[in-house]
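This is what each chain is made of:
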Amino acid sequence: MQKCYVGLDIGTHYIKVVIAAAPESADAPMQILATATSASKGMRHGYIVDAKEVTRAIYDAVHRASQAARIPVKGARIAMGGISLEEVRSTADITLTSSGGIVSEHEIERVLAESEKRASSRLTNRTVVHVIPLEYRLDGTPVQGRPLGLQGTKLSADTLLITMLAQHHDDLINAVEAAGVEVEGVMASPLAASLVTLSKAQKTAGVVLANIGAETLSIVVFDEDIPVSLKVFPGGSSEITHAIALTFQVPLAEAEQLKRGAVSGSPISSQKIGTVVSNKLKSMFTLVNTHLKSIKRDRLLPAGIVITGGGAGIGATADIAKATLKLPATIG
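For clarity, every value in this text was computed on a predicted model and none was experimentally measured.

Reading the values: rules and limits
Residues numbered from 1 in each chain as written. Predicted model: local features only at pLDDT ≥ 70, side-chain atom pairs only at ≥ 80, totals over all residues. Heavy atoms only, no water. Core = buried A, V, L, I, M, F, W, Y, C linked by side-chain atoms within 4.5 Å. Buried < 20%, exposed > 50% of the residue type's maximum accessible area, 1.4 Å probe, protein only. Helix = DSSP H or I, 4+ residues; strand = E, 2+ residues; numbered from the N terminus. Contact = heavy atoms within 4.5 Å. Expected span 1.5 Å × (residues − 1). Arc of directions from axis to C-beta. Polar contact = N/O pair within 3.5 Å; in protein donor to acceptor, adjacent residues only side chain to side chain. Axes fitted to C-alpha atoms, helices over the stretch in contact; angles between N-to-C directions. Parallel < 35°, antiparallel > 145°, perpendicular 65-115°, else oblique. Left-handed = near helix turned anticlockwise from the far one by under 90°. Pairing = 2+ DSSP bridges. Phe/Tyr/Trp six-rings, centres within 6.5 Å; stacked < 30°, edge-to-face > 60°. Lys NZ or Arg CZ within 6 Å of the ring centre and 35° of its normal. Salt bridge = Lys/Arg side-chain N within 4 Å of Asp/Glu carboxyl O.

Things to note about the nonpolar core
Ranked by internal contacts, the top residues of the largest apolar core, which has 46 residues, are Leu8, Ile10, Ile58, Ile78 and Val176. For this core, the element with the highest residue contribution is helix H1 (residues 51–69), accounting for 7 residues. Contacts of Val176, omitting those with residues within four sequence positions, involve Leu8, Ile10, Ile58, Ile78, Val181 and Val183. Core analysis: the next-biggest nonpolar cluster, separate from the first, contains 37 residues, Ile240, Met284, Ile307 and Ala321 among them.

Points about helix H2 (residues 105–118)
Between its terminal C-alpha atoms H2 stretches 20 Å, which fits the 20 Å expected from 14 residues at 1.5 Å a residue. The set of residues buried in H2 consists of Glu107, Ile108, Val111, Leu112 and Ser115. End-on, the buried residues of H2 take up no more than an arc of 135 degrees, which puts them together on one face. Those residues of H2 that are exposed and aimed more than 90 degrees away from the buried face are Glu109 and Lys117.

Concerning helix H6 (residues 237–248)
Taking 1.5 Å of rise per residue, 12 residues should cover 16 Å, and H6 covers 17 Å from first to last C-alpha, within 8% of that figure. Considered for burial, the residues of H6 that qualify are Ser237, Ser238, Ile240, Thr241, Ala243, Ile244, Ala245 and Phe248. Phi for Gln249, located one or two positions after H6, is positive at around 55 degrees.

A word on the side chain of His291
Summarising the element assignment, His291 is placed in helix H8 (residues 270–294). At 2.8 Å, the side chain of His291 forms a polar contact with the side chain of Ser229. Apart from residues lying up to four places away in sequence, His291 is in contact with Ile219, Ser229, Lys231 and Phe233.

Re the packing of H8 against helix H9 (residues 317–325)
Where H8 meets H9, the axes come as close as 9 Å, and the angle between the chain directions of the two elements is 45 degrees. Taken together, the axis directions place H8 and H9 in an arrangement best described as oblique. As H8 runs across H9, the sense of the crossing is right-handed. For the pair H8 and H9, contact is made by Ser278, Leu281, Lys282, Phe285, Thr286, Val288, Asn289 and Leu292 and by Thr317, Ile320, Ala321, Thr324 and Leu325, respectively.

So, the sheet that holds strand E10 (residues 154–165)
Working definition: the strands of a sheet are paired by backbone hydrogen bonds and lie parallel or antiparallel to each other. Taken in spatial order, the 4 strands make up an open sheet running E7-E10-E8-E9, and their pairing is antiparallel. Every interior strand has two partners, whereas the edge strands, strand E7 (86–95) and strand E9 (141–143), have only one. Across the sheet, the axes of successive neighbouring strands diverge by a mean angle of 35 degrees, strand direction being ignored. Docked against the sheet, helix H3 (residues 166–178) engages strand E8 (126–138) and E10, running at close to 65 degrees with respect to E10.

Quick word on the packing of aromatic side chains
One pass over the full model with this rule turns up 0 aromatic pairs. For Lys203, the ring lying beneath its charged end belongs to Phe222, and the centroid distance is 5.3 Å.

A few points about the pattern of salt bridges
A side chain of one charge can pair with a side chain of the opposite charge when the charged atoms of the two come close. This model, assessed by the stated rule, comprises 16 salt bridges. One salt bridge connects Arg56 with Glu53, and the closest N-O pair in it is separated by 3.4 Å. In this pair, Arg56 and Glu53 are both assigned in helix H1, 3 residues apart and thus about one turn of the helix distant. Under the relative-accessibility criterion, Arg56 is labelled exposed at 51%. Judged by relative accessible area, which is 26%, Glu53 ranks as partly exposed. With its nearest N and O atoms 3.0 Å apart, the salt bridge here joins Glu114 to Arg118.

Digging into the environment of Ser115
Turning to its location among the elements, Ser115 is positioned in helix H2. Ser115 gets classed as buried once you look at its relative accessible area, which sits at 0%. Apart from the residues within four sequence positions on either side, Ser115 is in contact with Ser90, Ala92, Val131, Thr159 and Leu161.

Focus on the sheet that holds strand E13 (residues 216–223)
Reading across from one edge, E14-E13-E12-E15-E16 is the order of the 5 strands in this open sheet, with mixed pairing throughout. Across the chains shown, the open sheet's two edge strands, defined by having one partner strand only, are strand E14 (226–234) and strand E16 (329–331). Neighbour-to-neighbour, the strand axes of the sheet open up by a mean angle of 20 degrees, direction not taken into account. The pairing of E13 with E14 spans 8 bridges and is antiparallel. Bridge assignment links Val220 to a residue of E14, and that residue is Leu230.

Re unusual backbone geometry
Positive phi outside glycine occurs at Asp225, with the angle close to 65 degrees. Here Asp225 lies in the loop between E13 and E14. Look at Asp225 and you get partly exposed, because its relative accessible area is 27%. Of note, the phi angle at Arg299 is positive, near 60 degrees, even though the residue is not glycine. Inspection of the secondary structure assignment puts Arg299 in the loop between H8 and strand E15 (305–308). Classification of Arg299 by relative accessible area gives exposed; the value is 58%.

Shown next, in the form of C-alpha cells:
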C-alpha cells in the first residue's frame, strides 16, 4: 500500500487539511489526494479560546479530506502559528575529548542540546519547536556547512531557537488529539510555508517571506539557505476590514466586500477605499522593515519579499511592500 501523509494547518479563521501520497521515485513530487477546509471559530491570534469549537473544526476538515481521499486518517503533521511564536538566540560549545576529537552526529546533537540548555532561563513557560544551527565553529574557526567528520578539540554552535508558549502548544496538540488524530510532528507555520513558497535560489540569495493572515502577520528571513529570523506581529487583514468599517461607517460584512473590490455601485469610491487599504498595508510593512533593521538585513535581501496569505491579494500589496522596504516584491 502506498504511504500517505497528512498535513494540518491550524489558522485563526480556517483549519486546512491536505492528504498526499508518497512519490514513486525520490525526484518526483508528492501526489495530492485530497484537501479540505473548515471555518475555525475558536481561535484568536493563533491560539485557542474555545477548545471544543477548534476540535469540531479539525474533525470536520479531517473527516471530509479522509472521505475524499478514501483513506482513514490516523495521524498528521501540524503547522502551528500565532503571536506566541518567538525566536531566541543561543550559543554553546562542547569539548570533543570523548569522541577522540572527531565531530560525529552525536557531538553535533550534543552541542545543539547544550545551546537549548544554556537558553533555559529565557524559555520559562515556552516550548522549543525548532533548534536551527546558524553557524558551527571548530576551535574558533567558522565551518562552512556541517562539521561532520572534522577533527579538533572544541565544537561551538550559534543557534536560533523557535519557541512558542507551552500552553498554546499543548492546547493545539490536545485539540488535534481530541479530534481523533495523532500528532506525528510539529512545525512553525512560517517555516512550513517557506518549504512550498520559496526556491533554494531565493533562500540562498536572501529573502523575507511574509504571510498576511486574518489576525497575524508572520515573517521568516532566509540568508545562505538558512532561516536566520522568525517574527509574528499581531494584526492582519481583518484590521483592514475594521479600518474600512470605521472610516466609512459600514457593517463589517460590507467592509470585507469593499476591501476585496467585490461591491459594485457603492457610493464610496474605490480611490477612497484604496487609500485606507494602502495606509494599513504600509503600516504592516513598516513593522517588517523595522525588524529587518534590527537584524541588519534591511535593503540587503536580493530576492526581496515574497507575500502570501489571505491578505496578499488585497490592493497593490506588492507595490506598497516594494516602496516601504526598498526591496523587490512579489506575490507568492
